[in-house]
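Letter by letter, the chains look like this.
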Amino acid sequence: MSTQPLYVVPKDYRDYTTEQEIKRSRFICHLRRADSEDDARQHVSDIRKAYPDARHHCSAFITAASDEADDMPDKVNAPLMLVERSSDDGEPAGTAGQPMLNVLRESGMTNVCAVVVRYFGGIKLGAGGLVRAYSDSVAQTVSIAPTSRRRRALRMTFIVSISDAGRVESALRSDDWSVEPTVYGAGAPEDARPLDTNSTQLNEGSGGSGNIAQINVVVSPSDVDAVVSAVAALTQGVFNTYETGITWRETST
């Protein structure tokens, strides 16, 4: 059995900031969630604009590459491709960006970008001193950023009779399933993949039928059978089930 990958990400999209002074040089770290390489580069750009007079704006990020599994339910357990980048931005090679990236790796976080701004204080720190300064700046900021656990999840669509819809939605919510608002008069989406659940097939009729409703539920792969059983019990086994892609589900760490 394949294990579903779990990713730790910053919980929100706030900037988390720390500052330290070492031999009169100021090191200001800004850490932010970045769900793509474009997001990360935007963060670097924003910090450059915020500190235009600083000598260095060193950066490191780990973000998701294009997620090719998004529309392929059978790839829900596939590992996410990651992009890692770092920049010394004028500091001696290997003394800033790479040490910053190492701290992000050790934290276990993905979808994260750190930028450390340095105002030079006139005293050289040496290679070892720079490595420690940039590493410590990121480590301090990582320590104050709350995180979430992130996993892929299946988006399932249930087509039920309109007379059952309200009861089904209410019961699923009461059982703490992640349920989207019911869409009345809607059948299966065009890209839906039917699932064989041994249910009695409901006649969806033509699009926009007033006799059916669409209920969408986000579940982990291990919970598919349980939610199908719940819907079966609520509809006396008369419903249609589809997989309609992959989304992300986050929970607090």
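Everything below is about the structure printed above this text.
So, a few notes on the structure that sits alongside this text. Given the structure is predicted, the values throughout are model-derived calculations rather than measurements. (Residues numbered from 1 in each chain as written. Predicted model: local features only at pLDDT ≥ 70, side-chain atom pairs only at ≥ 80, totals over all residues. Heavy atoms only, no water.)

**Quick look at the sheet that holds strand β5 (residues 82–87)**
- Taken in spatial order, the five strands make up an open sheet running β2-β3-β6-β4-β5, and their pairing is antiparallel. Unpaired on one side and paired on the other, β2 (16–22) and β5 mark the two borders of the sheet. Recorded for the sheet is a direction-independent mean angle of 10° between the axes of neighbouring strands.
- Two elements, β2 and strand β3 (residues 25–33), share seven bridges in a ladder whose sense is antiparallel. Bridging across to β3, Thr17 finds its partner in His30.
- Sheet contacts for helix α2 (residues 97–107): β3, β4 (56–64), β5 and β6 (112–119); angle to β4, the most-contacted strand, approximately 35°.
- Taken strand by strand, helix α3 (residues 126–144) contacts β2, β3, β4 and β6, and its axis lies near 150° from that of β2. (Pairing = 2+ DSSP bridges. Helix = DSSP H or I, 4+ residues; strand = E, 2+ residues; numbered from the N terminus. Axes fitted to C-alpha atoms, helices over the stretch in contact; angles between N-to-C directions. Contact = heavy atoms within 4.5 Å.)

**Some remarks on the pattern of salt bridges**
- Inspection of every chain in the model, using the stated rule, returns 15 salt bridges.
- A salt bridge links Asp164 to Arg167; the shortest N-O distance between them is 2.6 Å. Linking Asp164 with Arg167, this pair stays in helix α4 (residues 162–174), spanning three residues, or about one helical turn.
- For Asp164, a relative accessible area of 12% puts it in the buried group. (Salt bridge = Lys/Arg side-chain N within 4 Å of Asp/Glu carboxyl O. Buried < 20%, exposed > 50% of the residue type's maximum accessible area, 1.4 Å probe, protein only.)

**Some thoughts on the packing of α2 against α3**
- Contact geometry of α2 with α3 gives a least axis separation of 8 Å together with a crossing angle of 35°. In this structure, α2 crosses over α3, and the sense of that crossing is right-handed. Along the contact surface, α2 presents Pro99, Met100, Val103, Leu104 and Ser107, while α3 presents Val131, Tyr134, Ser135, Val138, Ala139 and Val142.
- Of the residues in the contact of α2 with α3, the class split is nine nonpolar, two polar and no charged. (Left-handed = near helix turned anticlockwise from the far one by under 90°. Nonpolar A, V, L, I, M, F, W, Y, C, P; charged D, E, K, R; others polar.)

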